[in-house]
Amino acid sequence: MTDVFEKLLKNRKVNIRSEEFAPAIENIYWSNAMCHRINFSEPDFKILKTLFDELFNGKLPASSILIPPIHIYFPRHLFIGENVFVNHNSTFMAAGGIEIGEGTFIGPNASVITDNHEFGSLQYLHPKKVKIGNRVWIGANALILPGVTIGDDAVIGGGAVVTSDVASKTLVGGNPAKLIKKL
């Protein structure tokens, strides 16, 4: 039998009111507590490195930087490549899995969301993986929604709401995000 975390990563629907989901709720509380410790710690590299190592189970590349405050649900479902920079006040709801390719920059107040619910049955969580390619630039206040794939070298304009896939080497912006130009 697969556990709830495997189901979420396989983008399977889960009832958040079920006993099966209880370990996920515990994980959310744990990650909230870890993020609180990170967000309110002294801005010291060694202290933050230790806390981020605990949050990511030692799997955050040393070359990648996350600037607090940060908000992450299911941090062990968030896979960050080398040389990634995430600016302050970013949110990652990673139940369904988020992959961030190497060299990607994410502006302040950006959100990447894999979690979604069904109309009429809100107790069901149906996550969809988000995949962000290499060397992507995501502007401030951008919102990346469930199931989106962003190709390599793409640029997401500030404030964009990305509801569908973004091709490599393109600039998108707006709500919903639309192609502005090919790069």
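Undergrad: Run through the layout of surface pockets, naming residues and quoting values.
TA: One simple way to see leftover space: roll a probe sized like a water molecule over the atoms. Of the volumes computed, that of the largest pocket is approximately 310 Å³. Lining of the largest pocket is provided by 19 residues; of these, Phe45, Leu48, Lys49, Phe52 and Leu66 occupy positions nearest its centre. Counting only elements with at least two residues in the lining of the largest pocket, the list comes to α2 (22-39), α3 (45-55) and β2 (65-66). A per-element tally of the lining of the largest pocket places α3 first, with five residues. Partitioning the lining of the largest pocket into residue classes produces 12 nonpolar, three polar and four charged. Around the second largest pocket, the lining residues are Ile16, Phe21, Ile25, Ile28, Tyr73, Phe74, Met93, Asp115, His117 and Leu125. The class makeup of the residues in the lining of the second largest pocket is eight nonpolar, one polar and one charged.

Undergrad: Tell me what's going on with the sheet that holds strand β1 (residues 14-15), and back it up with residues and numbers.
TA: Strand order in the open sheet formed by three strands is β1-β11-β10, with antiparallel pairing between adjacent strands. The open sheet terminates on both sides in strands that have one partner only, identified here as β1 and β10 (117-118). One ladder, built from two bridges, connects β10 with strand β11 (residues 121-125); its direction is antiparallel. Its bridge partner being in β11, Glu118 is matched across the sheet by Ser121.

Undergrad: Account for the nonpolar core, naming residues and giving values.
TA: Counting residues in each nonpolar core, the largest one holds 47 residues, and the members touching the most others are Phe92 and Ile156. When contributions to this core are tallied by element, the ones reaching two or more residues are α1 (4-9), α2, α3, β3 (70-73), β4 (78-80), β7 (98-100) and β12 (130-132). Top contributing element to this core by residue count: α2, with five residues. Sequence-distant contacts of Ile156, that is, excluding residues within four places in its chain, are made with Trp137, Ile138, Gly139, Ala142, Ile144, Ile150, Val162, Val166 and Val172.

Undergrad: I'd like a rundown of the packing of aromatic side chains, residues and numbers included.
TA: This model, assessed by the stated rule, comprises three aromatic pairs. Taking the centre distance of 6.4 Å and the plane angle of 25° together, the rings of Phe52 and Phe56 count as stacked. Exposure remark for Phe52: the relative accessible area of 6% places this residue in the buried category. The buried category is assigned to Phe56, whose relative accessible area is 5%. Each ring, one from Phe85 and one from Phe105, has its centre 5.6 Å from the other, and the planes form 35°; the classification is tilted. Of the two residues, Phe85 sits in strand β5 (residues 85-86) while Phe105 sits in strand β8 (residues 105-106), which places them 20 residues apart along the sequence. Residue Phe105 is classed as partly exposed on the basis of its relative accessible area, which comes to 43%. Over the aromatic face of Tyr124 sits the side chain of Lys13, whose NZ or CZ is 5.1 Å from the ring centroid.

Each value, and the rule that gives it
Residues numbered from 1 in each chain as written. Predicted model: local features only at pLDDT ≥ 70, side-chain atom pairs only at ≥ 80, totals over all residues. Heavy atoms only, no water. 1 Å grid on protein atoms, 1.4 Å probe; cavity = no way out; pocket = protein on both sides within 12 Å on 5 of 7 lines; lining within 4 Å. Points joined across faces, edges and corners; volume = space filled by probe spheres on them. Helix = DSSP H or I, 4+ residues; strand = E, 2+ residues; numbered from the N terminus. Nonpolar A, V, L, I, M, F, W, Y, C, P; charged D, E, K, R; others polar. Pairing = 2+ DSSP bridges. Core = buried A, V, L, I, M, F, W, Y, C linked by side-chain atoms within 4.5 Å. Buried < 20%, exposed > 50% of the residue type's maximum accessible area, 1.4 Å probe, protein only. Contact = heavy atoms within 4.5 Å. Phe/Tyr/Trp six-rings, centres within 6.5 Å; stacked < 30°, edge-to-face > 60°. Lys NZ or Arg CZ within 6 Å of the ring centre and 35° of its normal.

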